[in-house]
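# Coordinate analysis (summary)
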Amino acid sequence: MGHIVNLVKACSGNGSSSDTSSVSPKDWWQTAQFYQIYPRSFKDSNGDGIGDLQGIKSKLSYLKEIGVDATWLSPIYTSPMADFGYDIANFFDIQEEYGSLKDFDELIAEANKLGLKIIMDFVPNHSSDENVWFQKSVNREKGYEDYYVWSDGFVDEHGQRQPPSNWLQAFRGSAWKWNDQRQQYYLHQFAEKQPDLNYRNPDVVAQMKRVLTYWLDRGVAGFRIDAVPWMFEALPDATGRYPDEPLSGYTDDKEESAYLLHIYTQDQPETIDMVYQWHQLLEDYQRVHGGDTRVLMIETWSSIGEVMKMFGNKTVQGAQIPFNFQFIVAGNDDQINTDLPAPGFVKIIKKWMDNMPAGKTANWVMGNHDKRRVGSRYGENRIDLMNMLQMFLPGISVTYMGEEIGMVDLDISWEQSVDPAACNSNPEIYEKFTRDPARTPFQWGPGENADFSTNHSTWLPINPNYLTVNVETEKVNSKSHLNVYKAMSALRQTKTLQYGKLQYGNVGDNILAIKRYLPNEKTYILLANVLGDAKSANVTDAIKATGSYKTKIANTISTRKEGDLVSLDNFVLSGYEAIIVETD
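Counting starts from 1 at the beginning of each chain's written sequence and moves along it residue by residue. Totals for whole chains, interfaces and linings use every residue, but because this is a predicted model, local features are given only for residues with pLDDT of at least 70 and side-chain atom pairs only at 80 or more, for both listing and counting. Excluding hydrogens and water, the side-chain values take into account all heavy atoms of the structure.

## Here we look at the overall build of the protein chain
Working definition: helices are DSSP H or I runs of at least four residues, strands are E runs of at least two. Numbering for both runs from the N terminus. Scanning the protein chain from N- to C-terminus turns up 16 helices and 24 strands. Taking 25 Å as the expected radius of gyration for a compact globule of 584 residues, we find that the protein chain reaches 24 Å, a close match to that expectation. A simple rule labels every residue: compare its accessible area, found with a 1.4 Å probe on the protein chains alone, to the largest value its type can have, and call it buried under 20%, exposed over 50%, or partly exposed in between. Burial analysis of the protein chain (584 residues in total) assigns 60% to the buried set. Whether two residues touch is decided by their heavy atoms; if any such pair falls within 4.5 Å, the residues are in contact. Considering only intrachain contacts with a sequence separation of at least 6, the fraction spanning at least 24 residues in the protein chain is 69%. Surface exposure of the protein chain reaches about 22,300 Å², of which carbon and sulfur atoms provide 47%. Neither His nor the chain termini are counted; the positive set is Lys and Arg, and the negative set is Asp and Glu. Note that the charge is assigned to NZ on lysines, CZ on arginines, CG on aspartates and CD on glutamates. Separation of charge centres in the protein chain, based on 56 positive and 77 negative side chains, amounts to 7 Å. Computation of the radius of gyration draws on C-alpha atoms, with the globule rule given as 2.2 Å multiplied by the number of residues to the power 0.38. Accessible areas in this description were obtained via Shrake-Rupley with a 1.4 Å probe; residue shielding takes into account the shown protein chains only.

Take a look at the structure:
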């Protein structure tokens, strides 16, 4: 097999300077290690089987220990929990089972002491149907009549009332729900208890900016913005009908969201401008209040071109971190990539780096609360490899809680399922949609309930592998996923990884090679065998490097020790072995 060679400038502001003193300093977020917490599953402090804010506060020192700079919390707002917090009844308060505003303020204070930043999850597309805004809109109270997307629908040739379009929600079925009280349909692109806010109403735009400012005032360092592509929809015609979306051809299941191409309900042009407005709000806030840069992290599963628009354009700044989901969306429909060869890894890296606008900062997201865990998607033998890769590439690293200790999905039965994406289906097909397996409680130790909770049961069952896959056990094992992760965190503090350039390529299907280099600093090279059979290789052509290098970090599969020499023109990697080597 031949080599694929790629040479890319890695970081914003880096030219070909001959010494590191001329490299422009980076803002805190540009080299940060972000960590996503799903609060319900992180740590239970009061014994009710559900994680909470005091539990998070008690474990902030752990985040500091593993090298985290900032953590973003999945929603903790007041909610009836139809979608576990993504259905918000009050954007200005905390869900009682998670704690109180006092608990939140204490969390912020403790994070500040430790030098950690807290990022809030912001859910702009919809609220709960139990939100007072929706109740006022149902009643057509002045100022709230058009707070949500309402429609009369139409009467068909049989005299039957029909929704105004064929639009489908993300959780199966029509995106329109009839409201008897108001005598109209409302749009809900997620669960029917999550009515879509109307962003063509300036009062809604202003209200949501008040939400952002409220939490900025409480000390958050920025926001992860949920479900951004869904915020705007096409306008209705003169009769009130909305345009039907065309069939996708991907599935014959008429209830599934993928049955349609969402050309009228996602990625409308106004969406990008809304992101720019939010960025401006954060900039204005910093200008007035000072402090470190507040950041926007954007969740968008859109095409690469749409994602890149989120960065901004020549005249307007956008989000600093439009999430790079290329390692999640690559592969087949169910995202199982256990056989992905080295050229596939190269292709994924290249797609982001080649499309990213000049001067912007890359980010790498391997998993989150909505997708299968990395070890289940890429294979348990690749857990270290994926963590090493994510943290070695230039820019921002985003880890979903538990990936650092190698947590994997737990099969959840239909009877145990609580995720609406699954529960809106049926026992025959729910596993295709469920997100529960990746949301099981965090595994802190080998004690009862993985030391997550003192309750006899937890909101989701705990993976039985917690007896060996847990923080306490892995801390004392030098050959553990956790200690590989911590070693990578330390390596990320080097000038080479923070400022260095990037070169990458593959040798055949097995060997992935990535070089990070900077004048007058050590060069580091990641060598990974992404498949299961041992391979010998010569990577001198792939990454333009020769000679012998010293082993710096080795994954749990490798038998190499720190300091072992590796010749780049003739070495052997066992199946799934991954190492990082360095120059003297």
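## Overview of helix α9 (residues 342-355)
One turn of the α-helix equals 3.6 residues, which is why residues spaced by three or four share an orientation. In this model, α9 (14 residues) spans 20 Å end to end at C-alpha, consistent with the 20 Å of a helix rising 1.5 Å per residue. When we look at burial in α9, the residues that qualify are A342, G344, F345, V346, I348, I349, W352 and M353. Given a helix with a known number of residues, its expected span is that number minus one, times 1.5 Å.

## Re the sheet that holds strand β11 (residues 184-187)
Pairing within the open sheet is antiparallel, and its three strands lie in the order β7-β11-β10. Each having just a single partner strand, β7 (150-151) and β10 (176-179) make up the two edges of the open sheet. Note: two strands are recorded as paired if DSSP finds a minimum of 2 bridges between them.

## Remarks on the packing of helix α11 (residues 383-392) against helix α14 (residues 481-491)
Lines are fitted to the C-alpha atoms to define the axes, a helix being fitted only along its stretch in contact, and any angle between axes, read from their N-to-C directions, falls within 0 to 180 degrees. For the pair α11 and α14, the least separation of the axes is 10 Å and the interaxial angle reads 15°. Considered as vectors, α11 and α14 are oriented roughly parallel to each other. In this structure, the crossing between α11 and α14 has a hand that is right-handed. Seen from α11, the contacting residues are I383, D384, N387, M388, M391 and F392; seen from α14, they are H481, V484, Y485, M488, S489 and L491. To sort the angles, those under 35 degrees are grouped as roughly parallel, those over 145 as roughly antiparallel, those from 65 to 115 as roughly perpendicular, and the leftovers as oblique. Definitions for this section: a left-handed crossing has its near helix turned counterclockwise from the far helix by less than a right angle. A right-handed crossing has that turn clockwise.

## Observations regarding unusual backbone geometry
Unusually for a residue other than glycine, R140 sits at a positive phi of about 55°. Examined against the element boundaries, R140 turns out to sit in the loop between α4 (132-138) and β7. Taking relative accessible area as the criterion, R140 reaches 44% and is therefore assigned partly exposed. Even without being a glycine, N520 presents a positive backbone phi close to 65°.

## A closer look at the side chain of T496
By secondary structure assignment, the location of T496 is in helix α15 (residues 495-499). Relative accessible area serves as the criterion here: at 1%, T496 is assigned to the buried category. Among all residues touching T496, those that are not within four sequence positions of it are R516, Y517, L518, E521, K522 and Y524.

## Some remarks on the pattern of salt bridges
Here a salt bridge means any side-chain nitrogen of Lys or Arg lying within 4 Å of a carboxyl oxygen belonging to Asp or Glu. Tallying each qualifying case throughout the model produces 28 salt bridges. The shortest N-O distance in the salt bridge between E97 and R40 comes to 2.8 Å. Note that E97 is positioned in the loop between β5 (90-94) and α3 (101-114) and R40 in the loop between β2 (33-37) and α1 (53-58), a separation of 57 residues in sequence. Relative accessible area serves as the criterion here: at 22%, E97 is assigned to the partly exposed category. Counted as one network, the salt bridges with shared partners bring together D83, D370, D419, R435 and R439.

## Topic: the sheet that holds strand β16 (residues 396-400)
Strand order in the open sheet made by the eight strands is β14-β13-β12-β6-β3-β2-β16-β15, with parallel pairing throughout. Looking at which strands have only one partner, the edges of the open sheet turn out to be β14 (321-322) and β15 (363-365). Two strands pair when backbone bridges link them, and β2 and β16 are joined in this way by four bridges, in the parallel orientation. Across the sheet, Q33 pairs through a bridge with S397, a residue of β16. Packing against the sheet, α11 makes contact with β2, β15 and β16, and its axis sits at approximately 150° to β16.

## Considerations on the environment of L460
Residue position: L460 is located in the loop between α12 (420-423) and α13 (471-475). L460 gets classed as buried once you look at its relative accessible area, which sits at 0%. For the pair L460 and V418, spaced 42 residues apart in the sequence, the C-alpha separation amounts to 8.3 Å.

## Digging into the packing of helix α5 (residues 202-217) against helix α6 (residues 269-289)
Relative to each other, α5 and α6 sit at 35°, their axes nearing to 11 Å. Classified by chirality, the crossing of α6 by α5 is right-handed. Only M274, Q277, W278, L281, L282 and Y285 of α6 make contact with α5, whose side of the interface consists of V205, K209, L212, T213, L216 and D217. For the contact of α5 with α6, the per-class residue count stands at eight nonpolar, two polar and two charged. Residues are grouped as follows: Ala, Val, Leu, Ile, Met, Phe, Trp, Tyr, Cys and Pro are nonpolar; Asp, Glu, Lys and Arg are charged; all remaining types, including Gly, are polar.

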